[in-house]
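# Breakdown of the fold
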Amino acid sequence: MSQNKENFKRGCTEILALYLLCQEDMYGYQITQLFSEKSGGRFTMLEGTLYLVLYKLVDAGYLSTYSKLVGKKRTRKYYHIEPAGREYLQRILHEYDEISLGIALILDRGADTNE
Amino acid sequence: MNNIKKDAEAFVAQIKSNLVCPDGEKNRITKDIENSILDYIEENGVNDISEVYSQFGTPQEICAQFNAEVEPKKIKKMISIRKTVLVGVIVIVAMVALSLIITLIDAHKDYGGYGVESEVEVLHSSEEQSTISDEES
């Protein structure tokens, strides 16, 4: 897999993880599976990359975690988005829209670009 | 299922030994990766560890992702702390060993080259005892 693709994905992981967590609380493996399913297999991700992003969001107070018992012994860690995380998502979504519009304009790819 | 779980534990142990970060962070990462692997095994009915390798990468690849994110300064600091602790332990062990050797040599010399641990009480029979007391008188 190309390094460019990895870098693009890494940059988007924060937005995508926060967006999915707005819908329901999820565990790590579930998030990577949803990335893959919803993107038709185009957005697959190694666990390490996802957890690094999740740790940063937890440390920043945008996400919180809680554990649920699975089976008899094992506990599974769920991620929950906090109000600060929802605000942060709106902010970075706006930034994303601005940047992608800018890129589309530069590349002459915008469908409704203002010339 | 038990075999694959044991293989998964070994896989996670390899990750733990290759991570360069504080112990608390190490535990958090390995616990989360272990949970993801177990979720993958249970949800997909995986029986062969090679499937885990192809889904998650090798333990070295997983560690490389995490280690790449740790600042070089932090890594340097951790390595220097570990080196200092290691040198400290070696020095302490060497000093204890040296003092033990010196004590043993001194004890050896004190007893004219024999390693005597306690004085021996000489017991005489009653006949010998009377002979000794006669000689003394």
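Every value quoted in this text rests on a predicted model; they were computed, and no experiment measured them.

### Notes on the pairing of strand E3 (residues 74–81) of chain A
All names here are of chain A. Pairing geometry for strand E1 (residues 26–27) and E3, over 2 bridges, is antiparallel. Paired with Tyr27 across the strands is Tyr78, a residue of E3. Here strand E2 (residues 63–70) pairs with E3 via 8 bridges, running antiparallel. Of the residues in E3, the one forming a bridge with Thr65 is Tyr79.

### Here we look at the confidence of the model for chain A
Detail in the predicted coordinates should be disregarded across regions flagged by low pLDDT. Residues of chain A with pLDDT of at least 70 account for 92%, and the chain-wide mean is 88. Taken element by element, chain A is modelled with least confidence in helix H1 (residues 3–23) of chain A, mean pLDDT 86, and with most confidence in E1 of chain A, mean pLDDT 95.

### A few points about the interface of chain B and chain A
Each partner contributes to the interface: chain B provides 14 residues, whereas chain A provides 12 residues. Put simply, the parts of the chain that give the side of chain B that touches chain A at least two residues each are helix H2 (23–44) and helix H4 (59–69) of chain B. Residue contributions to the side of chain B that touches chain A peak at 8 residues, all from H2 of chain B. In the side of chain B that touches chain A, the residues fall into 7 nonpolar, 4 polar and 3 charged.

The rules behind each value
Residues numbered from 1 in each chain as written. Chains lettered and ligands numbered in written order. Predicted model: local features only at pLDDT ≥ 70, side-chain atom pairs only at ≥ 80, totals over all residues. Pairing = 2+ DSSP bridges. Helix = DSSP H or I, 4+ residues; strand = E, 2+ residues; numbered from the N terminus. pLDDT = per-residue confidence, 0-100. Contact = placed C-beta atoms within 7 Å. Nonpolar A, V, L, I, M, F, W, Y, C, P; charged D, E, K, R; others polar.

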